[in-house]
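These are the residues of each chain, in order.
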Amino acid sequence: YSEICIYDDYAHHPNQIKTTLKSIKDAVGSSKTVTAIFQPHRYTRLQGLWNDFLNSFDFADKLFILDVYPAGEEPIQNISSQNFSKSINHKCVKYIKGNIEDASKAIFPLLNKGDIVITLGAGNITNLGYKLVELSEQE
């Protein structure tokens, strides 16, 4: 798994996410699988930009959605990562429940050598890349 490239981007707005993913896909073309791991930042942002987020991941080959990073906000009824992952029309999307460590353990076996992994969000998702590296070192 040392052949997996892991990048982290603070992108947490639909336009930022789309631009980041398009840039990566343009750089690697179809020869590499681009795996996006997104942690929505704030319930209010997910709610307010829901429809915009739905079209932000077109350039990712695989998409994992983590639980919302609340940043001090209370949950909003029906606004969740699980519901968002059900709403998005993407060829390969999976909702991952739990904390960063749980998420890394769930995602790691689904990655392949040569994958380009990009973590996206303004919460604690940055730590996920480090957890994936730790798991690869244990292989």
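Before any of the text, the structure's been laid out above.
About the criteria used
- Residues numbered from 1 in each chain as written.
- Predicted model: local features only at pLDDT ≥ 70, side-chain atom pairs only at ≥ 80, totals over all residues.
- Heavy atoms only, no water.
- Helix = DSSP H or I, 4+ residues; strand = E, 2+ residues; numbered from the N terminus.
- Pairing = 2+ DSSP bridges.
- Axes fitted to C-alpha atoms, helices over the stretch in contact; angles between N-to-C directions.
- Contact = heavy atoms within 4.5 Å.
- Phe/Tyr/Trp six-rings, centres within 6.5 Å; stacked < 30°, edge-to-face > 60°.
- Buried < 20%, exposed > 50% of the residue type's maximum accessible area, 1.4 Å probe, protein only.

In the Ramachandran plot, R42 falls in the positive-phi region, its phi being about 80° despite a non-glycine side chain. Structurally, R42 can be placed in the loop between β2 (34–38) and α2 (43–48). A positive phi angle, near 50°, is found at A71, a position not held by glycine.

Here the focus is the sheet that holds strand β1 (residues 5–9). Ordered in space as β1-β5-β2-β3-β4, the five strands form an open sheet in which the pairing is parallel. Both outer strands of the open sheet, β1 and β4 (93–96), are each paired with one neighbouring strand and no more. Taken over all neighbouring pairs, the strand axes of this sheet differ in orientation by 20° on average, direction set aside. Strands β1, β2 and β5 (116–120) of the sheet are contacted by helix α1 (residues 14–28), whose axis makes an angle of about 170° with β5. Lying on the sheet, helix α6 (residues 126–138) is in contact with β1, β2, β3 (62–66) and β5; it crosses β1 at an angle near 165°.

In this section: the packing of aromatic side chains. This structure, assessed with the given rule, holds four aromatic pairs. With centroids separated by 5.2 Å and ring planes inclined at 50°, the aromatic side chains of F38 and F57 adopt a geometry described as tilted. One end of the pair, F38, is in strand β2; the other, F57, is in the loop between α3 (50–54) and β3, and 19 residues separate them in sequence. For the residue pair F38 and F57, the accessibility class agrees, reading buried in each case. Aromatic side chains F53 and F84 sit 6.3 Å apart centroid to centroid with 80° between the ring planes, which places their arrangement in the edge-to-face category. Taken together, the positions of F53 in helix α3 and F84 in helix α4 (residues 81–87) put the pair 31 residues apart, joining distant regions of the chain. Like F84, F53 is buried. Aromatic rings pair up to connect F38, W50, F53, F57 and F84 into one cluster.

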